Structures are given as C-alpha cells and as structure tokens.
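# Summary of the model geometry
Spelled out, the chains give:
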Amino acid sequence: MSAPRPTPETRPGTASGPDAVTDLVRWAVFSCLLVPVVLLWCGSSLAGATGTAVGLAAVTAACRALLRGSERGAARLRAAEGAPHRGRHQRSGSGAHRGGRRPGGHTPVA
C-alpha cells in the first residue's frame with residue numbers, strides 16, 4: 001500500500017495563511033541581502049550594488065504592505081460572511097418591493 005498523498009495544506013512548500021506571508025517576506029529580505037553581495041562578487045560597483053539593495057528593499061516593503069492589507073480584507077470578508085445581511089434599511093419581512101414574482105406576467109409599458 002502506498003502512503004496517502006499530502007493535501008495542499010500539508011504539502012511542503014505550499015503554506016497558506018499568515019505563516020506564508022512571513023516566509024515570503026523573509027525570503028525577500030534574504031534576497032535583498034544576497035543580491036548586492038553577488039553583484040559585488042561579480043565586479044559591480046559599490047554604488048550600483050547599494051542602489052539595487054535599496055530598490056529591492058522598497059519593492060519588498062511595498063509588497064509586504066499590500067499582502068498585509070489583503071490579509072486584513074480577507075479577514076473582514078470572513079467575518080462578514082457569518083453576519084446575516086438585513087437589507088437596505090435594516091428591516092426584514094415581506095413588502096411590496098421585495099422582489100419575487102408578481103401576478104399577471106410581464107406586461108409591456110406603453
């Protein structure tokens with residue numbers, strides 16, 4: 001018998017949730033440090049490597065802010081799914097303008 005296949009939640013390398021964002025930011029910071037070192041090792045100027053590091057750090061910060069905002073928005077949607085929607089004026093019940101079928105079919109308006 002073979003072992004059960006891992007689900008997406010347990011599959012290595014496919015994390016989801018806040019841990020995934022933290023891991024992503026950690027790798028981005030690592031890249032921000034590694035890329036200038038490699039550029040210097042390959043013979044690039046110190047100014048060029050510093051500019052690259054600053055640019056990567058700016059992109060990383062912007063992406064982190066967008067990811068955090070996306071997480072907050074998703075959390076608000078999950079919280080809103082649990083609360084029932086009561087309509088435009090917080091009333092429930094039936095009324096003349098609550099939708100549904102009207103007797104008499106479709107009549108053209110002249």
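A word on the packing of aromatic side chains. Scanning the model with the defined rule gives one aromatic pair in all. For the ring pair Trp 27 and Phe 30, a centre distance of 5.7 Å and an interplane angle of 85 degrees mean the geometry is edge-to-face. Of this pair, Trp 27 and Phe 30 are both found in helix α1 (residues 18–41), three residues apart, which corresponds to roughly one turn of the helix.

Okay, the side chain of Thr 60 next. One can find Thr 60 in helix α2 (residues 46–82). Judged by its relative accessible area of 15%, Thr 60 falls in the buried class. A polar side-chain atom of Thr 60 sits 2.8 Å from the main-chain carbonyl oxygen of Leu 56. Sequence-distant contacts of Thr 60, defined by excluding residues within four places in its chain, comprise Ala 28 and Cys 32.

This next bit is on the pattern of salt bridges. Between side chains of opposite charge, a pair can form when the charged atoms approach closely. Scanning the entire structure with this criterion turns up one salt bridge. Here Glu 71 ties to Arg 68 by a salt bridge, and the two come within 3.3 Å at their closest N and O atoms. Of this pair, Glu 71 and Arg 68 both sit in helix α2, three residues apart, which is roughly one turn of that helix.

The next thing to look at is a nonpolar patch on the surface. Together, Trp 27, Phe 30, Leu 34, Val 38 and Trp 41 line one region of the surface with nonpolar side chains, adding up to about 620 Å² of accessible area. Tracing the backbone shows Leu 34 in helix α1. Accessibility expressed as a relative area gives 40% for Leu 34, which makes it partly exposed.

The rules behind these values
- The numbering scheme is per chain: residues are counted from 1 as the chain's sequence reads.
- In view of the model being predicted, local features appear only for residues whose pLDDT reaches at least 70, and side-chain atom pairs are presented and counted only at 80 or more, with totals across whole chains, interfaces and linings using the full set of residues.
- Side-chain measures were taken over the full set of non-hydrogen atoms in the model, leaving aside hydrogen atoms and water.
- Ring geometry is summarised as follows: Phe, Tyr and Trp rings, the Trp one being its six-membered ring, pair when their centres sit within 6.5 Å, and such pairs are stacked at plane angles under 30 degrees, edge-to-face over 60 and tilted between the two.
- Each helix corresponds to a stretch of at least 4 residues labelled H or I by DSSP, and each strand to a stretch of at least 2 residues labelled E; elements are numbered beginning at the N terminus.
- Think of it in three bands: with a 1.4 Å probe and only protein chains considered, a residue is buried below 20% of the maximum accessible area for its type, exposed above 50%, and partly exposed in between.
- Each polar contact in these results corresponds to two N or O atoms within 3.5 Å; when the atoms are within protein, one needs to be able to donate a hydrogen and the other to accept it, and residues that are neighboring in sequence are counted only if both atoms are side-chain atoms.
- The contact rule is simple, with two residues in contact once any of their heavy atoms fall within 4.5 Å.
- Every case where a carboxyl oxygen of Asp or Glu lies within 4 Å of a side-chain nitrogen of Lys or Arg is listed as a salt bridge.
- Candidate patch residues must exceed 30% relative accessible area and have no salt bridge, after which like charges are joined if within 9 Å and Val, Leu, Ile, Met, Phe, Trp or Tyr side chains if within 5 Å.
- Computed by Shrake-Rupley with a 1.4 Å probe, the accessible areas treat only the displayed protein chains as cover when residues are assessed.

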